[in-house]
Amino acid sequence: VLPLVLGVAMFFQQKLTPTTGLDKTQAKMMLLMPVVFTVLMLTLPAGMVLYMLTNTVISIGQQQWLNKRLA
C-alpha cells in the first residue's frame, strides 16, 4: 500500500511545483516519474518507502507554505 500512496503523493507534489522553462516533452516525462518511482518502490523494504513518503509529504507542506507566502 505504501508505494501506491507514495506515487499519489509524488504526483501531487509534481502538480504543486512550478515548471517554468520546461517544454512539453519534459513536462510529460516529469508526470511519468511518479509512476516509475511507484514501480521501483514495490521491490524496496517498507522502511525505505516510508522514508520517501515522509520526505515527500514534508516537501508538499513546504511548497504549499512557500506558495502562500509568496502570494
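The present account deals with the structure reproduced in this document. This one's a predicted model, so the numbers in the text were calculated from it and none came from an experiment.

Conventions and cut-offs
Residues numbered from 1 in each chain as written. Predicted model: local features only at pLDDT ≥ 70, side-chain atom pairs only at ≥ 80, totals over all residues. Heavy atoms only, no water. Core = buried A, V, L, I, M, F, W, Y, C linked by side-chain atoms within 4.5 Å. Buried < 20%, exposed > 50% of the residue type's maximum accessible area, 1.4 Å probe, protein only. Helix = DSSP H or I, 4+ residues; strand = E, 2+ residues; numbered from the N terminus. Contact = heavy atoms within 4.5 Å. Patch = residues over 30% accessible without salt bridge, like charges linked within 9 Å, V, L, I, M, F, W, Y side chains within 5 Å. Areas by Shrake-Rupley, 256 points an atom, 1.4 Å probe, with all protein chains shown as cover. Salt bridge = Lys/Arg side-chain N within 4 Å of Asp/Glu carboxyl O. Axes fitted to C-alpha atoms, helices over the stretch in contact; angles between N-to-C directions. Parallel < 35°, antiparallel > 145°, perpendicular 65-115°, else oblique. Left-handed = near helix turned anticlockwise from the far one by under 90°. Nonpolar A, V, L, I, M, F, W, Y, C, P; charged D, E, K, R; others polar.

Here we come to the nonpolar core. L6, A9, M10, M41, V49, M52, L53 and I60 together form the largest nonpolar core, which totals 8 residues. Of all elements in the fold, only α1 (2-16) and α3 (46-70) reach the threshold of two or more residues within this core. A per-element tally of this core places α3 first, with 4 residues. The contacts of V49, once residues within four sequence positions are left out, are L2, P3, L6, M41 and L44.

Together, M29, L32, V35, V36, V39, L40 and L42 make up a nonpolar patch on the protein surface, roughly 630 Å² of accessible area in all. With respect to the helices and strands, V35 occurs in helix α2 (residues 24-41).

Packing of α1 against α2 brings their axes to within 9 Å, and their N-to-C directions diverge by 160 degrees. The angle between α1 and α2 falls in the class roughly antiparallel. Like other packed secondary-structure pairs, α1 and α2 cross with a definite hand, here right-handed. Listed contacts from α2 to P3, L4, L6, G7, M10, F11, Q14 and K15 of α1 are M30, L31, M33, P34, F37, T38 and M41. Looking at the contact of α1 with α2 residue by residue, the classes come out as 11 nonpolar, 3 polar and 1 charged.

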